[in-house]
Amino acid sequence: MSRRGAFITLTATLVIVFGLLALTQLTGTTPRLGLDLQGGFSVVLEAPAGTDPDVLDQAVEIMRRRIEALGDVQEPEISVVGDRTVEVQLPGVTDRERALAAVGTTGQLEFRPVLAVSPIPGLSPVFLNVEVPDDGSTTTTTTVAGATTTAATTTSVAGTTSTTEAGGTTTTTTAPPVDPWEGVILPEGVTRCDIVDQPGCLDPVSGLTRVTVPGLEAFLATDFATGGGIAYHTGPARVLGSDLKGAQAQFQGSATGAITGQWIVVLDFTEEGGAKFAAVTAELAGFAPGDPRRQFAIVLDGTVQSAPSVANDVSPETGISGGSAVITLGGSDDQESAASNLSVVLRYGSLPVAFEQSSVESISATLGSESLRAGLIAGLGGLLLVAVAMILYYRALGLINVIGLSVFGSLMMVIFSALGAWQGVTLTLAGVAGVIVAVGITADSYVVYYERIKEEVHGGRSLRSAVDHAFTRAIRTILTADTVSFAGAVLLFFLAIGSVKGFALALLIATMCDLFVAVFFTRPAVALLAQTRLGDGGRFSIRGATGLPTEGKQ
Amino acid sequence: MSLWRDLYHGDTRFDFFGLRRRWFAASGMIVAVSLLALVFLRLDLGVDFSGGTLIEFGNTNGVSVAEVRAVVDGSGVGSSKVQQVGGTGIRVQTAQLSLVDEDRLVSSLADLLGEDPADATRQSVGPTFGGQVTESAVRALIVFLLVIAVYMSWRLEWKMAGAALVALGNDLIFTAGIYAVVGFEVTPATVIAILTILGYSLYDTVVVFDKIQENVQERGDRHTYGAIVNMSMNQVLMRSINTSLVTLLPIGSLLFVGSYLLGATTLREFALALFIGVATGTYSSIFLAAPLLGMWKEREDHWIKVRHRLERRGVAEEFAPHELVGAHAETAAAVVAASGAAPRPPKNRKRRR
């Protein structure tokens, strides 16, 4: 290697590496720390064996949306690992219960036939399901009915001006002496939560089902928060989310001569789902057009998303057969978002998977920062020891090694900062361990090279030629050995899961940095050093390290 | 000339190959003891593998382990393990608890220790996840070994790949054996560490074999294979020692800082396995892989012939003049051949210029 070439290479390397380091420092980019280094909450969820990978991806998408709804999470990390495991990492989250609820519960999508619609927004139809007593107290019934009716009108008026959220509550409290539950007939298997707390029970205040059970009738409403709040009495779920293959929002043009096109959602059922859907629509088509019972409610997590009625031309004999169906929404612009929302709910709303929480872990922020501190102290201490040992062994060459390690360290810092900022890669404790191991591998590259120089000098070469010759020989060994490390790291990265992955990534990056430093730093640096006084004079020089006297002295 | 000087200059003349039976016996014994320990003592699997609930608190007020145990036992969570970890830390390990029970235990522990419940590090693991991590790691391992075997067969030769894998097996069994004997807990960090050991052990062996291959190419059949192995080993001995030392330094620092100064348990667990693994990795590549390779190669027709030929000439020594490399190798070898291949004493050659 020529002196000029060595000088240019060396300068360029140092400028690039330290320039990049300065850049990351100036822009405030630091490596993103993993959960174990900054504290937080992590859950590992496991789907039953044989779950479709696409389904897992959908589940991850839904969880991401729910976690974003939590608000206080900075950069959640949700990933599918292995073939049926989802790992959720929420750095900085302290509210365990809420985090668990966000990722743990499955969104259950159900198609339920509508049995009745409450004429009063916000009032559960269960309160209308009142037994008419025979003992002449008809007045009571009428008062109840009257009270609720008047109350309803007030609610709807109030609803336009103020919150409608407590609609059900205000309705019942307007007639204080009357217990809304008096005389109410509950469907079979359905209980009141304040009497028998079981799945499918009714909230004592709103009279709505808290958690739906597919096999039971339910009292459900559209989302209160969005205003509206139409309450439905629905039958048991007839078609489940898992029966649905897909759903897509489309704009249907006015080919048939209609004035405007219409937004539609096309449903695509599985074979089994198609049969179920045909059966239920056949039943519904038996009701006269306009009857509320011609509707079916699309329910996600206990909220009615939509309740389309079966079209008038559907035959009560066959229902809607053929495995697909169309929900027509309308032509206006806001129907566009309604259609796409509905299709998203239909597509992703349901997780046909019941996840099991196989690991729940929360790491306190204190412990996280302590681990980080320990890792840093250990790393620096280790580097210092390595530096001392190398200088003792190899003298001037050892100095190059120390600078080389700092080049290596800067490079790692830059790469991890960049990966953290662009790819969201986090540095975990296992990663730190990988880096520390890599320090050993890097140092070894020097040792291999330096021992080679010693050998070549012993073999009788001049120092300058020995330095060059040794490198071509040493890089062969370094390449072979690094290939082994590299292959190991790559395979671990792609095949392993959990913390092993973080370790593998650190090792992978470190191995590449090692080669980079060997070729672009160590080689020119040693070549230059060999041409200075530190190369060939005195005990501290390269020749001194080889244990042979200076050429001049012989 | 002291041993140190010889080492430093690569002038040692240890008979690694000649004493192979001794090393094999030692390795065999270690492996046998390790296997026995694994069978009878079993590995102590951490919660990540066996499932369970783990709660860790700082213990700045210095509450005794016995007091903590009393609280844990009093809370009716069944069998439990209470440990002091690091300098100031308490770790409680139980069977997997329900969220409610876990919260209750955490708050009663927080009361006792005078810590904030939010500062607890807790982990609740079902029995299957750890298995999955291990399973994926083992699968990765097998693929890795196959790939490496192919690579080494191509880059070096297949017998080298075989010998390297045997040495690797030795390291893994030995490390696992130590865990079984001492009763250290096996955690995911241990699995990672073992994977590292694997990489490191191979790396070390590759460096040694690379040297052997180079020497074989350079000197061909002027020496027996055993002699070349010996020569190569002595040449790379300093490198092996240096590298191991340099690798062990940061790991040792990790071990020391992790376990005694700051009580970061993951670091300690990791460093421990690495420390043992790197040490055995160095041992096995020098004392196991290389002699094994030598023995294997000496059985090849070619090398048997070489040995016979050299024996007839009375020069089939276990040592070859190993200092002659590079451009001077050819002339030096010629000199050696002329002088009946007698190994030159290193001292003479040193002043040779």
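Computed from a prediction, not measured in an experiment: that's the story for all the values here.

1. Some details on the overall build of chain A
Then, number 1: Scanning chain A from N- to C-terminus turns up 15 helices and 15 strands.
Then, number 2: With 554 residues in all, chain A has 48% of them scored as buried.
Then, number 3: A separation of at least 24 residues holds for 71% of the contacts in chain A among residues at least 6 apart in sequence.

2. Thoughts on the overall build of chain B
Then, number 1: What chain B contains, in helices and strands, is 13 helices and 6 strands.
Then, number 2: Buried residues in chain B amount to 50% of all 353 residues.
Then, number 3: The contacts in chain B between residues at least 6 apart in sequence include a share of 79% that link residues at least 24 apart.

3. Looking at the interface of chain A and chain B
Then, number 1: Counting residues at the interface gives 72 residues for chain A and 66 residues for chain B.
Then, number 2: Of all elements in the fold, only strand S2 (40-46), strand S14 (356-363), helix H9 (365-394), helix H11 (429-458), helix H12 (463-495) and helix H13 (499-530) of chain A reach the threshold of two or more residues within the side of chain A that touches chain B.
Then, number 3: Residues of the side of chain A that touches chain B, tallied by class, amount to 32 nonpolar, 28 polar and 12 charged.
Then, number 4: Both S14 of chain A and strand S5 (residues 121-125) of chain B contribute to a ladder of 4 bridges, which runs antiparallel. The residue of S5 of chain B that forms the bridge with Val360 of chain A is Ser124 of chain B.

4. Things to note about the environment of Leu7 of chain B
All names here are of chain B.
Then, number 1: Its place among the elements puts Leu7 in helix H1 (residues 3-9).
Then, number 2: Counting along the chain gives 227 residues from Leu7 to Asn234, while the straight-line C-alpha distance between them is 8.3 Å.
Then, number 3: In contact with Leu7, other than residues within four places in its own chain, are Thr12, Leu237 and Met238.

5. Considering the confidence of the model for chain B
Then, number 1: Summary statistics for chain B give a mean pLDDT of 76 and a share of 81% for residues scoring 70 or more.
Then, number 2: As scored by the predictor, the complex reaches a pTM of 0.63 and an ipTM of 0.71.

6. Observations concerning the packing of helix H10 (residues 396-423) of chain A against H11 of chain A
Residue and element names in this part refer to chain A.
Then, number 1: Two elements in contact, H10 and H11, have axes whose closest approach is 11 Å; the angle formed by their N-to-C orientations is 145°. Seen from above, H10 lies across H11 with right-handed handedness. Contacts from Leu397, Asn401, Gly404, Leu405, Phe408 and Met412 of H10 reach H11 at Val435, Thr442, Tyr446 and Tyr450.
Then, number 2: Residues belonging to the contact of H10 with H11 are distributed by class as follows: 7 nonpolar, 3 polar and no charged.

7. Focus on unusual backbone geometry
Then, number 1: The residue Arg395 of chain A is not glycine, and still its phi comes out positive at about 55°.
Then, number 2: By the element assignment, Arg395 of chain A lies in the loop between H9 and H10.
Then, number 3: The phi torsion at Arg42 of chain B lies on the positive side, around 65°, for a residue other than glycine.
Then, number 4: Tracing the backbone through its elements, the reader meets Arg42 of chain B in the loop between helix H2 (20-40) and strand S1 (44-45).

8. Overview of the sheet that holds strand S13 (residues 324-330) of chain A
Strand-to-strand pairing in sheets goes through backbone hydrogen bonds, with the strands running parallel or antiparallel.
Residues and elements named next belong to chain A.
Then, number 1: If you trace the 3 strands from one edge of the open sheet to the other, you get S9-S10-S13, paired in antiparallel fashion. Because the sheet does not close on itself, it has two edges, and the strands there are strand S9 (244-252) and S13. The sheet shows a mean angle of 20° between the axes of neighbouring strands, taken without regard to direction.
Then, number 2: In terms of strand pairing, S9 meets strand S10 (residues 262-269) through 8 bridges, oriented antiparallel. Residue pairing across strands places Gln252 opposite Gln262, the latter belonging to S10.

9. Remarks on H2 of chain B
All names here are of chain B.
Then, number 1: Helix length check: H2, at 21 residues, gives a terminal C-alpha distance of 30 Å against a target of 30 Å (1.5 Å per residue), a fit within 8%.
Then, number 2: All of the buried residues in H2 are Ser27, Ser34 and Ala37. The buried residues of H2 occupy one face: seen down the axis, they fall within an arc of 90°. Seen from the buried face of H2, the exposed residues on the opposite side, beyond 90 degrees, are Arg21, Arg22, Ala25, Gly28, Met29, Ala32, Val39 and Phe40.

10. A word on the environment of Thr281 of chain A
All names here are of chain A.
Then, number 1: Assignment of secondary structure puts Thr281 in helix H7 (residues 271-285).
Then, number 2: When the C-alpha positions of Thr281 and Thr318 are compared, they lie 8.1 Å apart, and in sequence the two are 37 residues distant.
Then, number 3: Beyond its immediate chain neighbours, meaning those up to four positions away, Thr281 contacts Val310, Val314, Gly319 and Ile320.

11. Points about the sheet that holds S2 of chain A
Then, number 1: Spatial ordering of the open sheet is given by S3(A)-S4(A)-S2(A)-S14(A)-S5(B)-S2(B)-S4(B)-S3(B), a layout of 8 strands whose pairing is antiparallel. The two strands at the open ends of the sheet, each matched to only one other strand, are strand S3 (77-81) of chain A together with strand S3 (80-84) of chain B. Strand-to-strand twist of the sheet, defined as the mean angle between neighbouring strand axes without regard to direction, takes the value 10°.
Then, number 2: When strand S2 (residues 52-58) of chain B meets strand S4 (residues 89-94) of chain B, the two strands line up antiparallel, connected through 6 bridges. Directly across from Gly58 of chain B, in S4 of chain B, lies its bridge partner Gly89 of chain B.
Then, number 3: Of the strands in this sheet, S3 and S4 of chain B touch helix H4 (residues 65-74) of chain B, which is tilted by about 155° from S3 of chain B.

12. A few points about the environment of Ser485 of chain A
Then, number 1: Here Ser485 of chain A shows up in helix H12.
Then, number 2: When the C-alpha atoms of Ser485 of chain A and Ala504 of chain A are compared, they prove to be 9.7 Å apart, with 19 residues separating the residues in sequence.
Then, number 3: Apart from residues no more than four positions distant in its own chain, Ser485 of chain A is found in contact with Ile441, Leu507 and Thr511 of chain A together with Gly199 and Tyr203 of chain B.

13. Regarding the nonpolar core
Then, number 1: Ala164 and Ile192 of chain B are the most contacted members of the largest nonpolar core, which has 153 residues in total.
Then, number 2: In this view, Ala164 of chain B contacts Met152, Leu202, Thr205, Phe209 and Ala289 of chain B; residues no more than four positions away in its chain are not counted.
Then, number 3: Ranked by size, the runner-up nonpolar core spans 44 residues in total, among them Phe111, Leu216, Tyr232 and Val239 of chain A.

14. A look at the packing of helix H7 (residues 158-182) of chain B against helix H8 (residues 188-219) of chain B
All names here are of chain B.
Then, number 1: At a minimum axis distance of 9 Å, the contact between H7 and H8 shows a crossing angle of 145°. For the element pair H7 and H8, the recorded crossing hand is right-handed. Between H7 and H8, the contacting residues are Met160, Ala164, Ala167, Leu168, Asp171, Leu172 and Thr175 on the first element and Ile194, Ile197, Leu198, Ser201, Leu202, Thr205 and Phe209 on the second.
Then, number 2: Here the contact of H7 with H8 is composed, by residue class, of 10 nonpolar, 3 polar and 1 charged.

15. Details of H11 of chain A
All names here are of chain A.
Then, number 1: The end-to-end C-alpha separation of H11 is 44 Å, in line with the 44 Å expected for 30 residues at 1.5 Å each.
Then, number 2: Most of H11 sits inside the fold, with 30 of its 30 residues counted as buried.
Then, number 3: Immediately beyond the C-terminal end of H11, within one or two residues, lies Gly460, with a positive phi of roughly 105°.

16. Re the confidence of the model for chain A
Caution applies to low-pLDDT parts of the model: their predicted coordinates are not meant to be read in detail.
All names here are of chain A.
Then, number 1: Averaged over chain A, the pLDDT score is 75; the fraction of residues at 70 or greater is 78%.
Then, number 2: Mean pLDDT across the secondary structure elements of chain A bottoms out at helix H5 (residues 138-161), with 34, and peaks at helix H1 (residues 3-26), with 91.
Then, number 3: Low pLDDT, under 50, characterises residues 134-176; the stretch is placed with 45 contacts to residues that sit more than four places away or in other chains.

Scoring rules and cut-offs
Residues numbered from 1 in each chain as written. Chains lettered and ligands numbered in written order. Predicted model: local features only at pLDDT ≥ 70, side-chain atom pairs only at ≥ 80, totals over all residues. Helix = DSSP H or I, 4+ residues; strand = E, 2+ residues; numbered from the N terminus. Buried ≥ 20, exposed ≤ 12 C-beta atoms within 10 Å, placed from the backbone. Contact = placed C-beta atoms within 7 Å. Nonpolar A, V, L, I, M, F, W, Y, C, P; charged D, E, K, R; others polar. Pairing = 2+ DSSP bridges. pLDDT = per-residue confidence, 0-100. Axes fitted to C-alpha atoms, helices over the stretch in contact; angles between N-to-C directions. Left-handed = near helix turned anticlockwise from the far one by under 90°. Expected span 1.5 Å × (residues − 1). Arc of directions from axis to C-beta. Core = buried A, V, L, I, M, F, W, Y, C linked by C-beta atoms within 7 Å.

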